[in-house]
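Now for the letters of each chain:
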Amino acid sequence: MVILSILILNKAGGLIYQRDFNEGLKKLSSNDYLVLAGTFHGVHAITSRISPVPGSGGLEVLESDQFRMQCFQTLTGSIKFLIFAEPHQPNIDVICRRVYELYADYVMKNPFYQIEMPIRCESFDKHLAAYIKPKQ
Amino acid sequence: MSNLHHQPPASPFVPFSPIQPGIPTSTPPLSSQKTPQLGTSNLRFASSRKSIYDRHLNRTQRSELSKASFSFLFSEMIQYAQKQVSGIQDLEKKLNQQGYSIGQRLLELLLHREGRSAKREVRVLGILQFVAQTLYRHLFGKPADGLEKSRENEDEYMLIDHDPAVNSYISVPREMSQLNCAAFVAGIIEAVLDGSLFPSRVTAHSVPTDQFPMKTVFLIKFDESVLEREAILQQ
């Protein structure tokens, strides 16, 4: 199960975390990542409105023959986790949940982290790498 | 953690003032002393009119606390302390004070719970064993990972913890890398030592190793009075 990269978006759609785990995605500049995050946030909002099924969430999965992008939105609606993986991967939502759990532990319980700001927590990086890397 | 309203309780005694001849002095009658009403104090009463002071002390002996609850509370304590002080030394001192008030009460509780077999520790090694075993087991469910005596200084001892539970979710930013939030636990240890009449200073230092990247050493520096007493008792 190859994870290519992980992005985390805050409530306003700003990018607070971006990390590549594997080659396979084109390297963008940090500005491009911010634009990507903002665009996705907008698309997500639009899709949740135009959905024919009442009460549905926004865009969840975007799959092409090169990659698969999965979006996990928290119950509070404030954080979105974007996981980019290789196509035809099962069980991405298990990974989403685990990343959410790591976020709740090492970012939210950190007194030096300000909410909605870019994530600069060493423990989060360390534990995330320890969880993702063995899966490659 | 600490009560924000520091009002000393009203004393039943009027401060002594010099008696001047011919002038009557007034002493308020004791009956006008306000007795604590159920509505005005911070104490909570259950419907059975019992408060926390009526519970048996051993009732919560076996209970455990979720690590997540403590981590959120501790995170708020650190942020609260950070607003009041500037500088890493002051922040560690504030955390130490927060732990100090807990340690004072914890010492009494642990000795009470030991019951008949409670022994008053007069030797340095005895009190350090109490801290490393009993106190640590009460706080974290496991004894401390090591206890060492410093070779350079006679009055320094080191208590080692490979992975302090209070620090598990905290990542200190690089500009504050000297900070170790286990200063809180150091405060608890300092209060237990002070209360057992071993005045000392306890500080927490991180010494990451490859095997234990979160390893913390509590440096316990005893006062000279402790060393003198220990020398006398040695004979």
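All chains use their own residue numbering, which begins from 1 and follows the written sequence. For this description, chains carry letters from A and ligands carry numbers from 1, given in the order in which they are written. Residue-level local features of this predicted model are given only where pLDDT is at least 70; pairs of side-chain atoms are given and counted only at 80 or more, and the full residue set underlies all totals for whole chains, interfaces and linings. By convention in this description, side-chain values take in all heavy atoms of the structure and omit both hydrogens and water.

Draft legend 1. Representation of the pattern of salt bridges in the model. The rule for a salt bridge is simple: a side-chain nitrogen of Lys or Arg has to be within 4 Å of a carboxyl oxygen of Asp or Glu. Counted according to the given criterion, the structure contains 12 salt bridges over all chains. The closest approach of N and O atoms between Arg98(A) and Glu101(A), which form a salt bridge, is 2.9 Å. Taken as a pair, Arg98(A) and Glu101(A) lie in helix α2 (residues 92–106) at a separation of 3 residues, close to a single helical turn. A simple rule labels every residue: compare its accessible area, found with a 1.4 Å probe on the protein chains alone, to the largest value its type can have, and call it buried under 20%, exposed over 50%, or partly exposed in between. With a relative accessible area of 29%, Arg98(A) lands in the partly exposed category. One salt bridge connects Glu230(B) with Arg123(B), and the closest N-O pair in it is separated by 3.3 Å. Of the two residues, Glu230(B) sits in helix α5 (residues 224–234) while Arg123(B) sits in the loop between α2 (88–114) and α3 (124–140), which places them 107 residues apart along the sequence. Its relative accessible area of 15% is what places Glu230(B) among the buried residues. What you see here is one network of salt bridges that share partners, running through Lys142(B), Asp145(B) and Asp161(B). We count a stretch as a helix when DSSP gives it H or I for four or more residues in a row; a strand needs E for two or more, and each element gets its number in order from the N terminus.

Draft legend 2. Structural context of the pairing of strand β4 (residues 68–73) of chain A. All names here are of chain A. Taken across its 6 residues, β4 has 5 buried, putting it largely inside the fold. The pairing criterion for strands is at least two bridges between them, as found by DSSP. From the end of strand β3 (residues 61–63) to the start of β4, which pair antiparallel, there are 4 residues. A loop of 6 residues connects β4 with strand β5 (residues 80–85), the two strands running antiparallel in sequence, and Gly77 in this loop sits at a positive phi of about 75°.

Draft legend 3. Summary view of the sheet that holds strand β1 (residues 3–9) of chain A. All names here are of chain A. Spatial ordering of the open sheet is given by β2-β1-β5-β4-β3, a layout of 5 strands whose pairing is antiparallel. Edge positions in the sheet fall to β2 (15–20) and β3, since each of these pairs with one other strand and no more. For this sheet, the mean angle separating the axes of adjacent strands, direction not counted, is 10°. Two elements, β3 and β4, share 3 bridges in a ladder whose sense is antiparallel. Bridge assignment links Leu62 to a residue of β4, and that residue is Met69. What counts as an axis is a line fitted to C-alpha atoms, over the stretch in contact for a helix, and the angles between N-to-C directions run from 0 to 180 degrees.

Shape descriptors only; they carry no functional weight alone.
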